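Working through the structure, step by step
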Amino acid sequence: MEHASKFVYVYDHSDSEDVDLDDPDEPSSVKSPAAGASVQKSHSSGEEDDDSATVPQAPVQQSPRTSAPKKKKRVREADPNIVTFKFSKLVDPSHMQTGDPIACTECSACLSQLSELRDAAGEGKTWRCEFCDKENLLPHFSEVQKPAEEDVTYMVEPAPAVQAGQPVGFDESVVVFCIDVSGSMGATVQGPGNQYISRLDGVKMAIDQQLTKLCQDYPRRRVCLIAFESRVQINGDCSAMPVALTANYDNAQAVMDEARGLSSLRPVSETAGTIRERVRRMRTLGSTALGPALAAALSIAIQTPGSQVIMCTDGLANVGVGSLESSDQVHTAEPFYEQMKDLAKQHGVSISIISIEGGDCKLGQLGILADATGGQVNIVDPLQLRDEFGSILESRVLATNVRATLYLHRGLYVRYETSMVNVVTRDVGSVTGDQEITFEYGVRRGQTDARGAVSEAAGGDEAEKKEEKGGAAKVWNPVDELEWLPFQLQLRYTAADGSKALRVFVQRRNLTRDRVRAEQHVNLRVVASHAVQQTAAFAEQAYFTNAQAYNVGMSRKLGLWNTESDADRRVYSAFTDYNHDLVHENVRRARFSSSAVPGSIHDEPARASPLANADDKVAKAVFRAKKKAHFT
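What counts, and at which threshold
Residues numbered from 1 in each chain as written. Predicted model: local features only at pLDDT ≥ 70, side-chain atom pairs only at ≥ 80, totals over all residues. Heavy atoms only, no water. Helix = DSSP H or I, 4+ residues; strand = E, 2+ residues; numbered from the N terminus. Buried < 20%, exposed > 50% of the residue type's maximum accessible area, 1.4 Å probe, protein only. Contact = heavy atoms within 4.5 Å. Areas by Shrake-Rupley, 256 points an atom, 1.4 Å probe, with all protein chains shown as cover. 1 Å grid on protein atoms, 1.4 Å probe; cavity = no way out; pocket = protein on both sides within 12 Å on 5 of 7 lines; lining within 4 Å. Points joined across faces, edges and corners; volume = space filled by probe spheres on them. Nonpolar A, V, L, I, M, F, W, Y, C, P; charged D, E, K, R; others polar. Axes fitted to C-alpha atoms, helices over the stretch in contact; angles between N-to-C directions. Parallel < 35°, antiparallel > 145°, perpendicular 65-115°, else oblique. Left-handed = near helix turned anticlockwise from the far one by under 90°. Pairing = 2+ DSSP bridges. Phe/Tyr/Trp six-rings, centres within 6.5 Å; stacked < 30°, edge-to-face > 60°. Lys NZ or Arg CZ within 6 Å of the ring centre and 35° of its normal. Expected span 1.5 Å × (residues − 1). Bend = angle between axes of the 7 residues up to and from the residue. Core = buried A, V, L, I, M, F, W, Y, C linked by side-chain atoms within 4.5 Å. pLDDT = per-residue confidence, 0-100. Salt bridge = Lys/Arg side-chain N within 4 Å of Asp/Glu carboxyl O.

Our focus in this paragraph is the overall build of the protein chain. Across its full length, the protein chain holds 13 helices and 27 strands. Within the protein chain, the proportion of its 632 residues that are buried is 56%. Considering only contacts within the protein chain whose residues lie at least 6 apart along the sequence, 75% involve residues at least 24 apart. When the accessible area of the protein chain is evaluated, it comes to approximately 26,000 Å², of which 47% is carbon and sulfur surface.

Have a look at this one:
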């Protein structure tokens, strides 16, 4: 785990500031409670962000060039209470802990090197959980059961037995190239030497180059080629004649059942030549049966965990299940894409969506597939497809079925969750080395029960509201009597060899009530990466005002925390450049767009993808920002 600060910043109430959304480079800082405006806070995922406050505003005209009064929003002044984890660390050595983990019977935190044990009245030991304060009796405890390291791994299930004669240590995963060959893929762009090439030509060149690299670097991988227009054509490894699926295209299960029987694949080192020839002969015609093609591709890929589906398209799905041409179809198609997403996650398959520049394929809807499975989302010039395909294939899946659980002391809570919880679990799915997970946390100021535990029912954030208004005395929090707090991150995952493991990271941080001290020597990379990810998380829910306001506040702090060291200058410069594309070119534009989310977002029915109606460029920027480890 990486922390933004050497300390946990403990405060009695949150400070706030007004930010100018129409001039985001110049936020005006107004400390609370002197600001005078009432502070409204929410710990829900609604339009008002966690620990934010708003002041009444005049309606904003639907134009970025409006002459209306500038829109301001009050936000919580950012602090460095942030922790992150890079998934590339999964390949680092870890201490293998014998036996099963000892877990708290109340919150499931694991016994660690920070845990204090006492002799029980009879046999064994007692352990008071450092996170929830539950006293656990350990009647048959042995000292070897207590970890001595801050990074330990428990084997949950060994790798499946290898059959006799089967190669060991080779990557035999499947790469499914699922290629749109509908009529619009015949559109041309000007290439080198004033030659015009079609979108499909760009795809052909990209596949040809990647077949060469696969043969060199991963000769045991297997490649399956699927082409789709009005029909879905399964080419497999191209050693046999192509088969056009005849199942009902409105029935995803029927499509999957038929495709599953066409999945006999040999290593790419044996099939590259025939695949090249089949790709060379692909021609454009017809409409876009993207949904049925996706179902067929997944039915083949899920037979081998760690496989990849690379879908390349330039238009809207408009044939069969998953059609997205009308708003009614978008809503109807959501359960299908949710089913495909869950199926891919369950089997450790990553789905990448490549949209051809100049097309429109509803990336706001399709992007959830890549976002949830560790795949990539991009809009690419046909001339750049070779690089994009290469980037996807080089993003090696490190683990599948990843679930990350962060444990904080009961006196803290994880921000931007639906309730004030100190334990949060995120289903991450498949992960690659360039992914990172980030968390921001706050200090509870709620009522307490007889044992001293903070009670959410008594109104944790309500007390903080009153404190900011000057209407209540400080409420006691168990952290007030401590010098340090523990942090625990549990990662449950399936490794590349099929084994299942639990990896536990445990660290401690000293406390400080001095904001200046907490903000000394801030890890700018951690803050910048989290700022980008949280901005994208707000935008993904179509809360574009919150996304921009949060980002402006964090950007201001990053500027103040920049020490001008070489490392900080590099991070800040990269953040500024990246932020311009994410916020100024996309989030801010979406906030002014009347088509981003029709009507009031509070009146919208629940959607699997609130970004479904945003344009593809906005969706691309959001999904690419959400999980990546930025500014490394």
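Further remarks concern empty space enclosed by the protein. Taken as a whole, this structure holds 4 cavities of 30 Å³ or more when the rule is applied. Size it by volume and the second largest cavity reaches roughly 50 Å³. Taken together, Gln308, Ser350, Ser352, Gly374, Gly375, Gln376, Ile392, Ser395, Val397 and Thr432 make up the full set of residues lining the second largest cavity. Partitioning the lining of the second largest cavity into residue classes produces 2 nonpolar, 8 polar and no charged.

Their axes nearest at 8 Å, the elements helix H1 (residues 199-217) and helix H7 (residues 385-394) cross at an angle of 40°. Judged by the angle between their axes, H1 and H7 are oblique. Between H1 and H7 lies a crossing of right-handed hand. The segment H1 lies against H7, with Arg199, Gly202, Val203, Met205, Ala206, Ile207, Gln209, Gln210, Lys213, Leu214 and Asp217 engaging Leu385, Arg386, Phe389, Gly390, Leu393 and Glu394. Looking at side-chain class alone, the contact of H1 with H7 contains 8 nonpolar, 4 polar and 5 charged residues.

Attention shifts here to the sheet that holds strand S8 (residues 125-128). On the basis of which strands lie adjacent, the open sheet formed by 3 strands has the order S7-S8-S9 and antiparallel pairing. Pairing within the sheet leaves two strands with one partner each, and these edge strands are strand S7 (117-119) and strand S9 (135-138). If you compare each strand with its neighbour and ignore which way they point, the axes differ by 30° on average. Sheet topology note: the S7/S8 ladder contains 3 bridges and is antiparallel. Across the sheet, the residue bridging to Leu117 is Trp127, located in S8.

Before going further, it helps to spend a moment on the packing of aromatic side chains. For the coordinates displayed, the defined rule picks out 10 aromatic pairs. An angle of 70° between the planes, with centres 4.9 Å apart, marks the rings of Phe336 and Tyr337 as edge-to-face. You'll find Phe336 and Tyr337 in the same group, each marked buried. An aromatic cluster is present here, built from Phe85, Phe87 and Phe505 joined pairwise through their rings. Seen from the ring of Tyr218, Arg221 lies directly overhead, with NZ or CZ sitting 3.9 Å from the centre.

Now for helix H3 (residues 268-280). Helix length check: H3 (13 residues) gives 17 Å between terminal C-alpha atoms against 18 Å at 1.5 Å per residue, within 8%. The sharpest bend along H3 measures roughly 30° and falls at Thr274. All buried positions along H3 are accounted for by Val268, Thr271, Ala272, Ile275, Arg278 and Val279. Tucked into the core, H3 has its buried residues touching H1, strand S14 (222-228) and strand S15 (232-236).

A few words now on the nonpolar core. Ile226, Val232 and Tyr337 are the most contacted members of the largest nonpolar core, which totals 88 residues. Each residue touching Val232, except ones within four places of it in the same chain, is listed here: Ile226, Ala227, Val243, Ala244, Leu245, Tyr249, Ala289, Pro292, Ala293 and Ala296. Membership of the second largest hydrophobic core comes to 36 residues, among which are Val10, Tyr413, Leu489 and Tyr493.

Residues other than glycine seldom take positive phi values, yet Ser108 does so here, at roughly 75°. Here Ser108 is to be found in the loop between strand S6 (95-96) and S7. In this model, Glu564 sits at a positive phi of 70°, which is unusual for a non-glycine residue. Looking at the element boundaries, Glu564 is found in the loop between helix H11 (544-561) and helix H12 (566-592).

It is worth spelling out the environment of Gln365 at this point. You can see Gln365 is positioned in helix H6 (residues 363-373). Overall, Gln365 belongs to the buried group, its relative accessible area being 0%.

Now for the confidence of the model for the protein chain. Per-residue confidence for the protein chain gives a mean pLDDT of 82, with 83% of residues at or over 70. With pLDDT under 50 throughout, residues 26-68 is counted as low confidence; its partners more than four residues away or in other chains account for 107 contacts. For residues 594-607, every residue scores under 50 in pLDDT, and the model assigns this stretch 22 contacts once sequence neighbours within four places are set aside.

Spatial strand order, S16-S15-S14-S11-S17-S18-S19: 7 strands in an open sheet with mixed pairing. In the strand order of this sheet, the two ends are held by strand S16 (243-244) and strand S19 (377-380), each with one partner. Sheet topology note: the S14/S15 ladder contains 4 bridges and is antiparallel. Across the sheet, Ile226 pairs through a bridge with Ile234, a residue of S15.

Looking now at H11. Helix length check: H11 (18 residues) gives 25 Å between terminal C-alpha atoms against 26 Å at 1.5 Å per residue, within 8%. With respect to burial, H11 is a largely interior element, 15 of its 18 residues being buried.

Turning next to the pattern of salt bridges. A complete count under the given rule lists 31 salt bridges for this structure. One salt bridge connects Arg503 with Asp151, and the closest N-O pair in it is separated by 2.8 Å. Here Arg503, found in strand S27 (residues 500-512), pairs with Asp151, found in strand S10 (residues 151-157); they are 352 residues apart in sequence, far enough to count as distant. The exposure class of Asp151 is buried, given its relative accessible area of 17%. Arg231 is the salt-bridge partner of Glu229, the closest N and O atoms lying 3.4 Å from each other. Judged by its relative accessible area of 44%, Arg231 is partly exposed. Salt bridges here are not isolated pairs; linked through shared partners, they connect Glu77, Arg515, Glu519 and Lys557.

Here the focus is the packing of H6 against helix H13 (residues 616-626). Axis separation between H6 and H13 bottoms out at 9 Å; the angle between their running directions is 15°. Taken together, the axes of H6 and H13 lie roughly parallel to each other. The element H6 and its partner H13 pack so that their crossing is right-handed. For the pair H6 and H13, the contacting residues are Leu363, Gly364, Gly367, Ile368 and Asp371 in the first and Asp616, Ala619, Lys620, Phe623 and Lys626 in the second. Looking at side-chain class alone, the contact of H6 with H13 contains 4 nonpolar, 2 polar and 4 charged residues.

Okay, the side chain of Gln308 next. Turning to its location among the elements, Gln308 is positioned in strand S17 (residues 308-313). Ignoring sequence-local partners within four residues, the contact set of Gln308 consists of Val174, Val175, Val176, Arg221, Ser350, Ile392, Leu393 and Ser395.

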